[in-house]
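Structural description and commentary
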Amino acid sequence: MTEADFMRYAIELSRRKMQEIGAAPFAAVIVKDGKIVGEGCNTVLLDHDPTLHGEVAAIRDACRRLGTFDLSGCDIYTSCEPCEMCVAAIWWARLDRVFYANALADTAAMMPIDGLTHDVGQPIGKRSIPARQLMAGEAFAVIKEWVDSGQSAALMTRPQR
């Protein structure tokens, strides 16, 4: 299959799931070695889960199928440019490349997503949702214990690009 074939599949998946189950029309597929190893669609409204965007669902599916959290060597094809949450998930999953169809700016003209863009990347004290730090020392001690145990090594080692 070609890059266009994978994108066409993601777009058709978005349409099919929208028509079959009432999903939002955003879908993604994860490809490794020329084969689809994960797919997902946006079921935020159906599942009452604000994190279930198509990209996140596809990442979860690929990780389950491949038995790993590290999707190095994989690409993602998504029917719409990923939002900031999905960009972060793509980064954490270590995907190699992102291919997208619809531009996020075009979608923003129809949907209210401007607030997210404003908050992401801002220092925590400048975001729209108030935040206050509590018990930092106690929480840091647990993280340090985890790092010192060596259990964090696989998560913290990123492949060189």
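As a reminder, the structure under discussion sits directly above these lines.
Residues numbered from 1 in each chain as written. Predicted model: local features only at pLDDT ≥ 70, side-chain atom pairs only at ≥ 80, totals over all residues. Heavy atoms only, no water.

This part covers the overall build of the protein chain. Scanning the protein chain from N- to C-terminus turns up 8 helices and 4 strands. Mapped in sequence order, the helices and strands of the protein chain form the string α-β-β-α-α-β-α-β-α-α-α-α. Expressed as lengths along the three principal axes of its C-alpha atoms, the size of the protein chain is roughly 50 × 35 × 30 Å. Buried residues in the protein chain amount to 30% of all 161 residues. Residue pairs at least 24 apart in sequence account for 50% of intrachain contacts in the protein chain once pairs closer than 6 positions are excluded. Accessible area for the protein chain stands at about 10300 Å²; split by element, carbon and sulfur atoms hold 60% of it. Taking the 17 positively charged and 21 negatively charged side chains of the protein chain as two groups, their mean positions are separated by 3 Å. (Helix = DSSP H or I, 4+ residues; strand = E, 2+ residues; numbered from the N terminus. Buried < 20%, exposed > 50% of the residue type's maximum accessible area, 1.4 Å probe, protein only. Contact = heavy atoms within 4.5 Å. Areas by Shrake-Rupley, 256 points an atom, 1.4 Å probe, with all protein chains shown as cover. Lys, Arg positive; Asp, Glu negative; His and termini not counted. Charge placed at Lys NZ, Arg CZ, Asp CG, Glu CD.)

In total, this model carries 7 salt bridges according to the counting rule given. For Arg 16, the salt bridge is made with Glu 20, and the minimal N-O distance between the two is 3.7 Å. In this pair, Arg 16 and Glu 20 both sit in helix 1 (residues 3–21), 4 residues apart, roughly one turn of the helix. A relative accessible area of 32% means that Arg 16 is categorised as partly exposed. Using a relative accessible area of 52% as the deciding quantity, one classes Glu 20 as exposed. Residue Lys 144 pairs with Asp 148 through a salt bridge whose shortest N-O separation is 2.7 Å. Taken together, the residues Lys 144 and Asp 148, both in helix 7 (residues 136–149) and 4 residues apart, mark about one turn of the helix. Asp 148 gets classed as exposed once you look at its relative accessible area, which sits at 55%. (Salt bridge = Lys/Arg side-chain N within 4 Å of Asp/Glu carboxyl O.)

Time to look at the layout of surface pockets. When its volume is computed, the second largest pocket comes out at roughly 180 Å³. Lining the second largest pocket, in full, are Ile 11, Ser 14, Arg 15, Met 18, Pro 25, Phe 26, Ser 79, Cys 80, Asn 102, Thr 107, Met 110 and Met 111. A per-element tally of the lining of the second largest pocket places helix 1 first, with 4 residues. Here the residues of the lining of the second largest pocket are counted per class, giving 7 nonpolar, 4 polar and 1 charged. (1 Å grid on protein atoms, 1.4 Å probe; cavity = no way out; pocket = protein on both sides within 12 Å on 5 of 7 lines; lining within 4 Å. Points joined across faces, edges and corners; volume = space filled by probe spheres on them. Nonpolar A, V, L, I, M, F, W, Y, C, P; charged D, E, K, R; others polar.)

Okay, the packing of helix 3 (residues 54–66) against helix 4 (residues 84–93) next. Orientation of helix 3 relative to helix 4, taken along the N-to-C sense of each, is 20 degrees, at an axis distance of 9 Å. If you check the angle between helix 3 and helix 4, you find them roughly parallel. For the element pair helix 3 and helix 4, the recorded crossing hand is left-handed. For the pair helix 3 and helix 4, the contacting residues are Glu 55, Val 56 and Ile 59 in the first and Met 85, Cys 86, Ala 89, Ile 90 and Ala 93 in the second. Among the residues making up the contact of helix 3 with helix 4, the classes are represented as 7 nonpolar, no polar and 1 charged. (Axes fitted to C-alpha atoms, helices over the stretch in contact; angles between N-to-C directions. Parallel < 35°, antiparallel > 145°, perpendicular 65-115°, else oblique. Left-handed = near helix turned anticlockwise from the far one by under 90°.)

It is worth spelling out the nonpolar core at this point. Core analysis: the biggest nonpolar cluster contains 13 residues, and Ile 30, Ile 59, Leu 71, Ile 76 and Leu 95 have the highest contact counts within it. Secondary-structure elements contributing two or more residues to this core are strand 1 (24–32), helix 3, strand 3 (74–80) and helix 4. The element best represented in this core is helix 3, accounting for 4 residues. Not counting chain neighbours up to four residues away, the residues in contact with Ile 30 comprise Lys 35, Ile 36, Val 37, Gly 38, Ala 58, Ile 59, Ala 62, Leu 71, Cys 74, Asp 75, Ile 76 and Leu 95. Among the nonpolar cores identified, the runner-up in size contains 11 residues, and Phe 6, Ala 23, Ala 27 and Tyr 77 belong to it. (Core = buried A, V, L, I, M, F, W, Y, C linked by side-chain atoms within 4.5 Å.)

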